[in-house]
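Structural overview for review
Single-letter residue listing:
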Amino acid sequence: IALHTLMAQALDKAAWGYEREVRLSGADRIDFLVDGNIGIEVKIKGRAGEVLSQLTRYAESERIDELILFTTRLQLARMPFDIDGKPLHVLYRPEY
């Protein structure tokens, strides 16, 4: 949860409009939705395949135009550049 707080503080400092814990479907809730269409998911656990499946479900949402994965794990940093034609950016920071 501390990493989520740091992300929120960074978004506040940048003065970007965002929502937290946004429900994209009955089962899917993304950590942050920035400027209404950029989804940010923060991951410190999980297997790469599971995270990719989760991000793929998010990419299927009409609310998402672009995704950002923020992770502290190198295994999760190895993701495709796009999912369903929507850009995916990975921010890997092991020190958090």
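Look up a bit, the structure's there.
Read on for an overview of the structure. (Residues numbered from 1 in each chain as written. Predicted model: local features only at pLDDT ≥ 70, side-chain atom pairs only at ≥ 80, totals over all residues. Heavy atoms only, no water.)

Notes on the overall build of the protein chain
Quick reminder of the rule: Each helix is a run of DSSP H or I of at least 4 residues and each strand a run of E of at least 2, with the numbering of both proceeding from the N terminus. Here the globule rule reads 2.2 Å times residues to the power 0.38, and the radius of gyration is calculated from C-alpha atoms. Only protein chains enter the accessibility calculation, which uses a 1.4 Å probe; a residue is then buried when its area is under 20% of its type maximum, exposed when over 50%, and partly exposed in between. Contact between two residues is taken to exist if any of their heavy atoms lie within 4.5 Å; hydrogens are not considered.
When helices and strands are counted, the protein chain shows three helices and six strands. For the protein chain, the sequential pattern of α-helices and β-strands runs α-β-β-β-α-β-α-β-β. Its C-alpha atoms give the protein chain a radius of gyration of 12 Å, near enough to 12 Å, the size a compact globule of 96 residues would have. Summarising its shape, the C-alpha atoms of the protein chain cover approximately 30 × 30 × 25 Å along the three principal directions. Going through the 96 residues of the protein chain one by one, you find that 39% of them count as buried. The contacts of the protein chain with a sequence gap of at least 6 include a subset with a gap of at least 24, amounting to 46%.

What to know about unusual backbone geometry
A positive phi angle, near 60°, is found at Ala-15, a position not held by glycine. By the secondary structure assignment, Ala-15 is in the loop between helix 1 (2-13) and strand 1 (18-23). Phi is positive for Asp-84, close to 55°, though the residue is something other than glycine. Along the polypeptide, Asp-84 turns up in the loop between strand 5 (82-83) and strand 6 (86-92). Taking the relative accessible area as the measure of exposure, Asp-84 reaches 55% and is therefore exposed.

Considering the side chain of Gln-54
Note the cut-off: Residues adjacent in sequence count toward polar contacts only when both atoms are side-chain atoms; beyond that, a polar contact is any pair of N or O atoms within 3.5 Å, and within protein one must be able to donate a hydrogen and the other to accept it.
Note that Gln-54 resides in helix 2 (residues 48-59). Since its relative accessible area comes to 14%, Gln-54 is described here as buried. A distance of 3.3 Å separates a polar atom in the side chain of Gln-54 from a polar atom in the side chain of Glu-41. Gln-54 has contacts with Glu-41 and Lys-43, leaving out every residue within four places of it along the chain.

Let's talk about the pairing of strand 1
Let me state the cut-off plainly: We treat two strands as partners when DSSP finds at least two bridges between them.
In this sheet, strand 2 (residues 29-34) lies alongside strand 1 in antiparallel orientation, the contact comprising five bridges. Following the sheet pairing, Val-22 is matched in strand 2 by Ile-30. Counted between consecutive antiparallel strands, the loop separating strand 1 from strand 2 contains five residues.

Let's talk about helix 2
For the record, the criterion: The span one expects for a helix is its residue count, reduced by one, times 1.5 Å. Arc definition: it is the arc formed by the directions from the helix axis to the C-beta atoms.
Its 12 residues place the ends of helix 2 16 Å apart at the C-alpha level, agreeing with the 16 Å of an ideal helix rising 1.5 Å per residue. If you check which residues of helix 2 are buried, you get Val-51, Gln-54, Leu-55, Tyr-58 and Ala-59. Along helix 2, the residues classed as buried sweep out an arc of 140° about the axis, all on the same side. Against strand 2, strand 3 (38-43), strand 4 (66-71), helix 3 (74-77), strand 5 and strand 6 lie the buried residues of helix 2.

Considering the environment of Arg-47
With respect to the element layout, Arg-47 can be found in the loop between strand 3 and helix 2. Take Arg-47: its relative accessible area is 61%, and that puts it in the exposed class. Residues Arg-47 and Leu-76, 29 residues apart in the sequence, show an inter-C-alpha distance of 7.2 Å.

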